[in-house]
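Spelled out, the chains give:
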Amino acid sequence: MVHFYNEMMADESATSVREHYREFDAWLRRQTPEHIERKRAEADLTFRRVGITFAVYGDDAGTERLIPFDTIPRIIPAHEWRALQAGLVQRVKALNMFVHDIYHDQNIIKAGIIPAEQIYKNAQYRPEMQGINVTSNIYAHIAGVDIVRAGAGEFYVLEDNLRVPSGVSYMLEDRKMMMRLFPELFARNRIAPVDHYPDMLLENLRSVAPSGASDPTIVVMTPGMYNSAYFEHAFLAQQMGVELVEGKDLFVSNNAVYMRTIRGPCRVDVIYRRMDDDFLDPLAFRSDSALGVPGLLSVYRAGRVTLANAIGTGVADDKSIYPFVPDMIRFYLSEQALLNNVPTYQCRKAEDLAYTLAHLPELVVKEVHGAGGYGMLVGPASTKAQIAEFRERLIAKPDGYIAQPTLALSSCPTYVENGIAPRHIDLRPFVLSGKTISMVPGGLTRVALQEGSLVVNSSQGGGTKDTWILEK
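This one's a predicted model, so the numbers in the text were calculated from it and none came from an experiment.

Before going further, it helps to examine the overall build of the protein. Secondary structure assignment for the protein yields 13 helices and 23 strands. In summary, the protein has a C-alpha radius of gyration of 22 Å against a globular reference of 23 Å for 472 residues, a match within 12%. The dimensions of the protein, computed from C-alpha atoms along their principal axes, are 65 × 60 × 50 Å. Out of the 472 residues belonging to the protein, those deemed buried represent 57%. Considering only contacts in the protein between residues 6 or more positions apart, those separated by 24 or more positions represent 68%. Just so you have it, the protein exposes about 20,200 Å², and 51% of that area is on carbon and sulfur atoms. The protein carries 49 positive and 56 negative side-chain charges, and their two centres are separated by 2 Å.

Set out below in structure tokens:
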């Protein structure tokens, strides 16, 4: 029988509550099922009224869904958070140094640590960025690092999201909802706040404005209302007090980017862009993109506008690069990684491919460019037909996949139709890099609501929980 680390209960019999959950557990035992059900219904109604939804591409049932919200929080004690935070800061620092190196001296390739073809054949590598200097050498201004817990409670990094990481709006709205539904819990527990994230983000973006911009103008750039994360784009712009723009609202003139306003053109210094590289500039990337700004790359190359995150950052969050992050930390920082990677088989290697093909029923196999829980095989949860079909894909394009052991992800008590039951979770903290590296305590906890499922992505039926970091 597989043992799953229970975030709340300390033993197999589920009778011993961990110390940092005791106050909450005592409160929970005093609540009636009817009271909790009323609160859940209130949360659903409020989220729907506010419009906290996401789009599922290809979903015939409709374009908008409400992400299920669970009222049992994920609680992390202060000492565990301090260790996690130190590991996250170390990791993101090394990743930023790696991206800078790749587009400049390429010392890590010259040292033989990462094969050159892993970079140059990477779909996210942008040769247009070679030699371009970006403000403060920061590429991943906003990073969402997915953390899982397995075994006896060890933390592992599952993946690094450095292109356009999403989910922070749900972190903020989940906290707001819990404070509205259960104010007494926040009076009884010393829970670190997260509501200052928009202020931190704004200050972070201001700090990386091009030189000479004393009072920089910042915008959030969205592909538009049909994007799956449009709610978040609008939410963050509103919370920071900056304009939400689409490509058609911006134009290039005199080697600068301007925003169209009712008072005339307004110079833009920092663009927090929420779209992929391919669509940013039809003159440089996809010529059929109607979402971008013609000439944007030329202004960027001249250092007259900052893009967050930088073009080409995706080369560092590709799953084929993930196995090398501990090597990056040793190479750039002369330190050992504080957070472990999940053991990973690189299917481009003959011996790793052979092992993967021989053990498909027990492994998780992922596309190196995949995201959102798509394009992956969870061996233990797959049929023989699905495994056979994936085997053919692997044989046809082995360098397009990595494989990992099926981790026994930690579980957290969760309200489901039949009451409270354990469900598997992960955590996405958000790390901000500017003049300094900063983060709010916590992140977005995602929960796999289907019994036995290890896939927490909202697009695959996952939900979210509030994440409490205790201050003592």
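A few words on helix H6 (residues 168-181). Across its 14 residues, H6 extends 20 Å between first and last C-alpha, which sits within 8% of the 20 Å expected from 1.5 Å per residue. Burial within H6 is extensive, with 11 of its 14 residues counted as buried. Within the span of H6, buried status applies to Val168, Ser169, Tyr170, Met171, Leu172, Glu173, Asp174, Arg175, Met177, Met178 and Leu181.

Another aspect to go through is the environment of Asp105. In this fold, Asp105 is placed in the loop between helix H3 (78-102) and helix H4 (107-110). Residue classification places Asp105 among the partly exposed residues on the basis of a relative accessible area of 49%. Residues Asp105 and Gly131, 26 residues apart in the sequence, show an inter-C-alpha distance of 8.6 Å.

Below, the discussion takes up the packing of helix H12 (residues 350-358) against helix H13 (residues 384-396). How two helices pack is summed up by the angle between their axes together with the distance between the axes. As a packed pair, H12 and H13 sit with axes 11 Å apart at the nearest point and diverge in direction by 170 degrees. In terms of axis orientation, H12 runs roughly antiparallel to H13. Judged by residue contacts, Leu353, Thr356 and Leu357 of H12 engage Arg391, Leu394 and Ile395 from H13. Here the contact of H12 with H13 is composed, by residue class, of four nonpolar, one polar and one charged.

Scanning all chains against the criterion turns up 25 salt bridges. Across the pair Lys319 and Glu159 runs a salt bridge whose closest N-O atoms are separated by 3.7 Å. Separated by 160 residues along the polypeptide, Lys319 in the loop between strand S12 (306-308) and helix H11 (325-333) and Glu159 in strand S5 (residues 154-161) bring together distant segments of the chain. Here the two residues Lys319 and Glu159 agree in accessibility, since each one is buried. In this structure, the salt-bridge partner of Glu246 is Lys248, at a minimum N-O distance of 4.0 Å.

The biggest cluster of nonpolar side chains holds 70 residues, and the ones touching the most others in it are Phe98, Ile119, Ile147, Leu250, Ile271, Tyr300 and Met328. At nine residues, the largest contribution of residues to this core is made by H3. Every residue in contact with Ile119, bar those within four places of it in the chain, is listed here: Phe98, Ile102, Ile109, Ile114, Tyr125, Val315 and Ile321. In this structure, Tyr197, Leu201, Ala308 and Val447 belong to the second largest nonpolar core, which totals 55 residues.

Across the interface, helix H8 (residues 197-207) lies against helix H9 (residues 230-240) with an axial gap of 9 Å and an inter-helix angle of 80 degrees. Comparing the axis directions of H8 and H9 gives the class roughly perpendicular. Taken together, the residues of H9 that come into contact with H8 (itself represented by Tyr197, Pro198, Leu201, Leu202 and Leu205) are Leu236, Gln239 and Met240. Tallied by class, residues from the contact of H8 with H9 come to seven nonpolar, one polar and no charged.

Below, the discussion takes up the packing of aromatic side chains. Tallying each qualifying case throughout the model produces 16 aromatic pairs. On the basis of an interplanar angle of 90 degrees and a centroid distance of 6.0 Å, the ring pair of Phe24 and Trp468 is categorised as edge-to-face. Of this pair, Phe24 sits in helix H1 (residues 22-29) while Trp468 sits in strand S23 (residues 463-469), placing them 444 residues apart in sequence. A single burial state applies to Phe24 and to Trp468, both of which are buried. Here the guanidinium or amino end of Arg126 rests over the ring plane of Phe285, the centre of that ring lying 5.4 Å away.

Another point: the sheet that holds strand S17 (residues 401-405). The four strands are arranged S14-S17-S15-S16 in an open sheet whose pairing can be described as antiparallel. Where the open sheet ends on each side, the last strands, each with one partner, are strand S14 (345-346) and strand S16 (376-378). Here three bridges tie strand S15 (residues 363-367) to S16, and the two strands are oriented antiparallel to one another. When the bridges of S16 are listed, Val364 appears paired with Val378.

Now for unusual backbone geometry. Cis geometry marks the peptide bond from Ala308 to Asn309, where omega comes out at 0 degrees. Take Asn309: it is sitting in the loop between S12 and H11. Its identity is not glycine, yet Ser136 carries a phi of approximately 60 degrees, on the positive side. Tracing the sequence through the fold places Ser136 in the loop between helix H5 (116-120) and strand S4 (142-150).

Once that is clear, we can look at the sheet that holds S12. The pairing of strands in a sheet comes from backbone hydrogen bonds and takes either a parallel or an antiparallel form. Spatial strand order, S7-S6-S11-S12: four strands in an open sheet with parallel pairing. The open sheet terminates on both sides in strands that have one partner only, identified here as strand S7 (243-245) and S12. Averaged over all adjacent pairs, the angle separating strand axes in this sheet is 30 degrees, with direction ignored. Pairing geometry for strand S6 (residues 218-221) and strand S11 (residues 270-273), over four bridges, is parallel. The residue of S11 that forms the bridge with Met221 is Arg273. Its contacts with the sheet put H9 on S6, S7 and S11, and the angle it makes with S7 is roughly 150 degrees.

Conventions adopted
Residues numbered from 1 in each chain as written. Predicted model: local features only at pLDDT ≥ 70, side-chain atom pairs only at ≥ 80, totals over all residues. Heavy atoms only, no water. Helix = DSSP H or I, 4+ residues; strand = E, 2+ residues; numbered from the N terminus. Rg over C-alpha atoms; globule rule 2.2 N^0.38 Å. Buried < 20%, exposed > 50% of the residue type's maximum accessible area, 1.4 Å probe, protein only. Contact = heavy atoms within 4.5 Å. Areas by Shrake-Rupley, 256 points an atom, 1.4 Å probe, with all protein chains shown as cover. Lys, Arg positive; Asp, Glu negative; His and termini not counted. Charge placed at Lys NZ, Arg CZ, Asp CG, Glu CD. Expected span 1.5 Å × (residues − 1). Axes fitted to C-alpha atoms, helices over the stretch in contact; angles between N-to-C directions. Parallel < 35°, antiparallel > 145°, perpendicular 65-115°, else oblique. Nonpolar A, V, L, I, M, F, W, Y, C, P; charged D, E, K, R; others polar. Salt bridge = Lys/Arg side-chain N within 4 Å of Asp/Glu carboxyl O. Core = buried A, V, L, I, M, F, W, Y, C linked by side-chain atoms within 4.5 Å. Phe/Tyr/Trp six-rings, centres within 6.5 Å; stacked < 30°, edge-to-face > 60°. Lys NZ or Arg CZ within 6 Å of the ring centre and 35° of its normal. Pairing = 2+ DSSP bridges.

These figures capture arrangement, not role.
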